[in-house]
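Per-entry structural report
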Amino acid sequence: MVYPPAPWNLQGYAVQTLQLVDVARVRPLVPSELEIVSLLPGKTLGGIYISSYGLGSVMEYNELIVVSAIANYAGKWGAWISHIYVDNPNSVAGGREIWGLPKELATFSWEGSDSVKAAPLGYRVTVRQENRQLCSLNYSKQTLALPLPFSGKVFSANRSNLLLFKGELKSRIGLIRGQLEVAEESPFASVNLGQPLLTFGCEDMRFTAGVPQIVGNRAAEFSY
């Protein structure tokens, strides 16, 4: 497999949902070394991020990220990605070997346009792996959007270390309507993501996945 070194600079479009999820449900999906941060009693923040990276990116591919918790380790906060899917084998290899992310292959279907209504809200993206559907996200057209920068930290892990890397995003971001459907046979159905509290559209997006840093040792090997 051929992939560029970190950081990866990516350009395209993305849809991001935010949901409250049960800490007890996602605890088995998060390494024991990480403390899950509760935003409300028994609830942490999760969500779905689906993107399409095109021209100007170090690699062109689609991506589905499942954030199952916000976590803390030694005073450092970050999101924990429990599941991640792409449609480019080189992205799978780079994600696993550079960042320790559990990337798997899947297929992505984007439907809808300004002239063709493909779903109740106008647009739909569906992600499948072989013969099973993982999820489908219906979303509305982005109207009012503001150019905003955003950055956040993400935890990951390899066999012996906890890693932390920074994601930086610049985009025209706006609130949109979103409806999420997670199939019962989906590997992340156990996260029990409900309907989004908020859904954001990110147009003219530029995203940078930074170089991971070792922040701690694994007490035992963790398996996603």
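Described in the following lines is the structure provided in the data block. Quick caveat: nothing in here was measured; it's all calculated off a predicted structure.

Cut-off values and rules
- Residues numbered from 1 in each chain as written.
- Predicted model: local features only at pLDDT ≥ 70, side-chain atom pairs only at ≥ 80, totals over all residues.
- Heavy atoms only, no water.
- Buried < 20%, exposed > 50% of the residue type's maximum accessible area, 1.4 Å probe, protein only.
- Helix = DSSP H or I, 4+ residues; strand = E, 2+ residues; numbered from the N terminus.
- Polar contact = N/O pair within 3.5 Å; in protein donor to acceptor, adjacent residues only side chain to side chain.
- Contact = heavy atoms within 4.5 Å.
- Pairing = 2+ DSSP bridges.
- Axes fitted to C-alpha atoms, helices over the stretch in contact; angles between N-to-C directions.

Buried residues of helix α2 (residues 89-99): Ser 91, Val 92, Ala 93, Gly 94, Gly 95, Ile 98 and Trp 99, and no others. Sitting at the amino-terminal end of α2 is Asn 88, which places a side-chain oxygen 2.8 Å from the backbone nitrogen of Asn 90. With its phi angle positive at about 70°, Gly 100 sits one or two positions after the end of α2.

It is worth spelling out the side chain of Asn 62 at this point. By the element assignment, Asn 62 lies in strand β4 (residues 61-73). On the accessibility criterion, Asn 62 (12% relative accessible area) is buried. Here the side chain of Asn 62 touches Ser 52 through a polar contact of 3.1 Å, side chain to side chain. A polar side-chain atom of Asn 62 sits 2.8 Å from a polar atom in the side chain of Asp 87. For Asn 62, the residues in contact, after removing those within four places along its chain, are Ser 51, Ser 52, Tyr 85, Val 86, Asp 87, Phe 108 and Trp 110.

On to the sheet that holds strand β12 (residues 178-182). Reading across from one edge, β7-β8-β9-β12 is the order of the four strands in this open sheet, with antiparallel pairing throughout. Strands at the two margins of the open sheet, each flanked by one partner only, are β7 (107-111) and β12. If you compare each strand with its neighbour and ignore which way they point, the axes differ by 10° on average. Bridge count between strand β9 (residues 132-139) and β12: five bridges; the pairing is antiparallel. Paired with Leu 137 across the bridge in β12 is Leu 180.

Burial analysis of strand β3 (residues 43-53) places eight of its eleven residues in the buried class, which makes it a mostly covered element. Here seven bridges tie β3 to β4, and the two strands are oriented antiparallel to one another. Within β4, the residue paired with Ser 52 across the bridge is Asn 62.

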